[in-house]
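If you want the building blocks of each chain, they are given just below.
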Amino acid sequence: MAAQARAAQADAVPQDGDASNLPFIYRTYSREQLLAALHRMHLIRQFEEGAEESYMRGLIHGTMHLSIGQEASAMGICMPLSKEDQITSTHRGHGHCIAKGAEVSRMFAEFFGKTTGYCAGRGGSMHIADVTTGNLGANGIVGGGLPIAVGAALTAKRLKTGKVVVCFFGDGANNEGAFHEALNMAAVWKLPVVFVCENNGYGMSTSTARSTAVANIADRAAAYGMPGVIVDGNVLSDVAEASHDAVERARRGEGPTLIECKTYRYRGHSKSDRNRYRTKDEIEDWMNNRDPIVRYEAQLQEFGIATRGELDAVQEAVRQEIAAGIEFAKESPMPELSGLADNVYTAEVSR
Amino acid sequence: MNAPVRELSYSQAIKEAMAIAMENDERVVLMGEDIGVYGGAFQVTGDLVERFGTDRVMDTPISELGGAGVAVGAAVTGLRPIFEFQFSDFAALAMEQIVNQAAKMRYMLGGAVSVPLVMRFPAGSGTGAAAQHSQSLEAWLGHVPGLKVIQPATPHDVKGMLLAAVADPDPVMIFEHKLLYKMKGPVPEGHYTVPLDKADVRRQGRDVTIVATSIMVHKALEAAGQLAAEGIEAEVVDLRSIRPIDGETIIASVKKTTRLICVYEGVKTLGVGAEISALIAESEAFDYLDAPIVRLGGSETPIPYNPELEKAAVPQVPDILAASRDLVRGAR
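Residues numbered from 1 in each chain as written. Chains lettered and ligands numbered in written order. Predicted model: local features only at pLDDT ≥ 70, side-chain atom pairs only at ≥ 80, totals over all residues.

**What about helix H12 (residues 292-302) of chain A?**
Residue and element names in this part refer to chain A. By the burial criterion, the buried members of H12 are Pro 292, Ile 293, Tyr 296, Glu 297 and Leu 300. Down the axis of H12, the buried side of the element spans an arc of 125°, and every buried residue falls inside it. For H12, the exposed residues lying more than 90 degrees away from the buried face are Ala 298 and Glu 302. Contacts made by the buried residues of H12 are with helix H3 (31-56), helix H4 (71-78), helix H10 (236-251) and helix H13 (308-331). Trailing H12 by a residue or two, Gly 304 shows a phi angle of about 70°, which is positive. (Buried ≥ 20, exposed ≤ 12 C-beta atoms within 10 Å, placed from the backbone. Helix = DSSP H or I, 4+ residues; strand = E, 2+ residues; numbered from the N terminus. Arc of directions from axis to C-beta. Contact = placed C-beta atoms within 7 Å.)

Laid out in structure tokens, this is it:
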């Protein structure tokens, strides 16, 4: 999308008045692209609501980690990326997968354990991936994707592919050794990688204040000689601007950046969470006053990009896409038991 | 056309294999701690940095977990890394990336990716480096589906198996016994491969099968030579790979000799010998057994520093001799 974004600058909105004071995305992307971003944000939210409902109905087993409330972070970071650029994701990774371009039907199919799922029913929610759109995979291990992203960036640099790698992780991962080792190596080798910490305030139940010795996770960038940027993770334009700057810096060969998106998850850590560590007031404050989709829609209207009716139409289109996706998943075939050992190795190994 | 054969040490054979792999494929890169100008903790990479430059012979920080993960990420996206651990013991620092990521990535993603990664682990005791630099941890990794785990015992095999590993689309873990590095043997010039899933019968015999791994192959062969003078013909099977295990070769040998000794340096309990014993117990070879199976493995201790204690902690030639005599003469 990066090249398209530049091309779109000529007809970036709005058409009348002085555009220079508008937030970043309104100066950079076309109306079509802005509405496509809104579409994806709704897709993320409704996908997760649909997955949650399917889980309640017993159609999905295991567990899942929902990112409802964090949509601007996933979408804003991915807006400046091309399809070829790559990401590594986390256990709370549905939003990243959709923001990078995956189809919700195949994601639902994966959650339902079906052969048509992105991982042929072998990965589920925690390992959702779509390599064809550059998502190297969610990860069940906190911090697991950090060194892998650095390795992908090493490939990009060594093979001169021009790709940038974005590494999503949560506030919990910033206390893993892998975080520190990965940031250090990326900086030492000046690799084209952008580290994105989605700080939702809690590693499971433990707040960042109780777990992390610095006030901001971005402060840790100083230890690795890279820029540390803090953004309101619930404001799409702010996130996209930070991502754009970091991605361009990486593409220029100047090395990594650490972006911290301050955000919040509305749901519990996973399906077993009884929410004993957060107050109702705190949760409702975020939901009622800082919702990323509500704020984005308000701006789209304020800047004359879309009417309420047009925004509602986006939501309605997403609703139909989600319903069709769930239907696709329900109707898809279960894996054959005889395929249990498929893909343990690339070619069959004799035993 | 047969390539000329020279005498090379085990470490020279590894270095030659890596040089050939790098010449043949730009995507092959070496990564590890102090493998550049230092030449590697055991001088295996030697002067390769002078030939291939620091972009392809990469000194990593002392970050085993992160380094291993970088190698995994690089492998998934198009490079063919050969990652050297300074000591196999340091795999403990990197188990997350090896076990949870490299081994499972293809499976978890439904076959969407492969992880063509080679990791080299200098392993084993005998150097006086004590408990944290002397372990034989191959069984740890042998327990993990998705990995291939090999223990080449000769310069010929380590070159051919390393070249096979680099060409393999899946993660291959190579355990190299440190005492083998200086051992010399015939090695053909140029490119050749040795299969990653086949044991090798090093010595034919009719009385007892000795299945050995890594340096124990040489101890078993030495014992077999002495046993022959006593009229006992031992068959020595070099296992070469512990994942997968070449059951066919072992079963055929035990059916012939009717007796089995497993010799390996890793801790005896829950080790490679247990797997081979079970494999025979579950196979048609069980009915052929004329004696109980014997496992000779490492002691149930950390590796001690004192040289005499250190030797006592792992199987030695006299242990193999005694076990073989007992088995063949019906003392067990």
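Now that the structure has been shown, the text picks up again.
**A word on the interface of chain A and chain B**
Chain A puts 38 residues into the contact, and the matching count from chain B is 35 residues. Sorting the residues of the side of chain A that touches chain B by element identifies helix H7 (145-158) and helix H8 (177-188) of chain A as the ones contributing at least two each. Examining the composition of the side of chain A that touches chain B, we find that 9 residues originate from one element, H7(A), more than from any other.

**Brief notes about the sheet that holds strand S7 (residues 257-262) of chain A**
Residue and element names in this part refer to chain A. With respect to topology, 5 strands assemble into an open sheet ordered S1-S2-S3-S7-S6, the strand pairing being parallel. The open sheet has two free edges, formed respectively by strand S1 (86-88) and strand S6 (228-232), since each of these has just one partner strand. Pairwise comparison of adjacent strand axes, ignoring direction, gives a mean angle of 20° for this sheet. Inspection of the sheet shows S6 paired to S7 by 5 bridges, in the parallel sense. Paired with Gly 228 across the strands is Leu 258, a residue of S7. Lying on the sheet, H7 is in contact with S1, strand S2 (165-170) and strand S3 (193-199); it crosses S2 at an angle near 175°. (Pairing = 2+ DSSP bridges. Axes fitted to C-alpha atoms, helices over the stretch in contact; angles between N-to-C directions.)

**Regarding the packing of H7(A) against H8(A)**
Residue and element names in this part refer to chain A. With their axes 8 Å apart at the nearest point, H7 and H8 run at an angle of 20° to one another. As far as their axial angle goes, H8 and H7 are roughly parallel. Along this stretch, H7 crosses H8, giving a crossing that reads as left-handed. Two secondary-structure elements touch here, H7 through Leu 146, Pro 147, Val 150 and Ala 153 and H8 through Ala 178, Phe 179, Glu 181, Ala 182, Met 185 and Ala 186. Grouping the amino acids of the contact of H7 with H8 by side-chain chemistry returns 9 nonpolar, no polar and 1 charged. (Parallel < 35°, antiparallel > 145°, perpendicular 65-115°, else oblique. Left-handed = near helix turned anticlockwise from the far one by under 90°. Nonpolar A, V, L, I, M, F, W, Y, C, P; charged D, E, K, R; others polar.)

**Brief notes about the nonpolar core**
By size, the foremost hydrophobic cluster in this structure holds 209 residues, and its most contacted members are Val150(A), Cys167(A), Val193(A), Val194(A), Ile210(B) and Ile261(B). A domain split of this core shows at least three residues from each of domain 1 (8-188) and domain 2 (200-326) of chain B. In contact with Cys167(A), other than residues within four places in its own chain, are Thr88(A), Gly145(A), Leu146(A), Ala149(A), Val193(A), Val194(A), Phe195(A) and Val196(A). (Core = buried A, V, L, I, M, F, W, Y, C linked by C-beta atoms within 7 Å. Domains from an automatic or database assignment.)

**Here's the deal with the sheet that holds strand S6 (residues 148-150) of chain B**
Residue and element names in this part refer to chain B. Strands sit in the order S3-S2-S4-S5-S7-S6-S12 across an open sheet of 7 strands; the sheet is mixed. The strands lining the two open edges of the sheet, one partner per strand, are strand S3 (57-59) and strand S12 (241-243). Taking the axes of each pair of neighbouring strands and ignoring which way they run, one obtains an average angle of 20° across the sheet.

**Some words on the domain arrangement of chain B**
All names here are of chain B. Each domain of chain B was delimited in the assignment, giving domain 1 (8-188) and domain 2 (200-326). Facing 24 residues of domain 1, the contacting portion of domain 2 comprises 24 residues. Only helix H6 (138-142), S6 and strand S7 (172-177) provide two or more residues apiece to the side of domain 1 that touches domain 2. Its residues assigned to classes, the side of domain 1 that touches domain 2 shows 11 nonpolar, 10 polar and 3 charged.

**Side note on unusual backbone geometry**
Residues and elements named next belong to chain B. Residue Pro 244 is bonded to the preceding Arg 243 through a cis peptide linkage, with omega at 0°. Look at Ala 130: it is not a glycine, yet its phi comes out positive at around 65°. Position of Ala 130 among the secondary structure elements: in the loop between strand S5 (118-123) and H6. Its 14 C-beta neighbours within 10 Å are what place Ala 130 among the partly exposed residues. A positive phi is found at Arg 240, a non-glycine position, where the angle reads about 65°. Among the secondary structure elements, Arg 240 is positioned in the loop between strand S11 (234-238) and S12. Of the residues examined, Arg 240 has 25 C-beta atoms within 10 Å and is grouped as buried.

**Observations regarding the pairing of S2(A)**
Residues and elements named next belong to chain A. The buried fraction of S2 amounts to 6 of the 6 residues, a majority that puts the element mostly inside the structure. Neither face of S2 is exposed, since Val 165, Cys 167 and Phe 169 on one face and Val 166, Phe 168 and Gly 170 on the opposite face are all buried. Sheet topology places S1 next to S2; 3 bridges connect them, and they run parallel. Counterpart to Gln 86 in the pairing with S2 is Val 165. Pairing analysis gives 6 bridges linking S2 to S3, with the strands arranged parallel. Bridge pairing links Val 166 to Val 194 in S3. On the question of chirality, the crossover connecting S2 to the parallel S3 by way of H8 is right-handed. (Right-handed = clockwise from strand over helix to strand, strands pointing away.)

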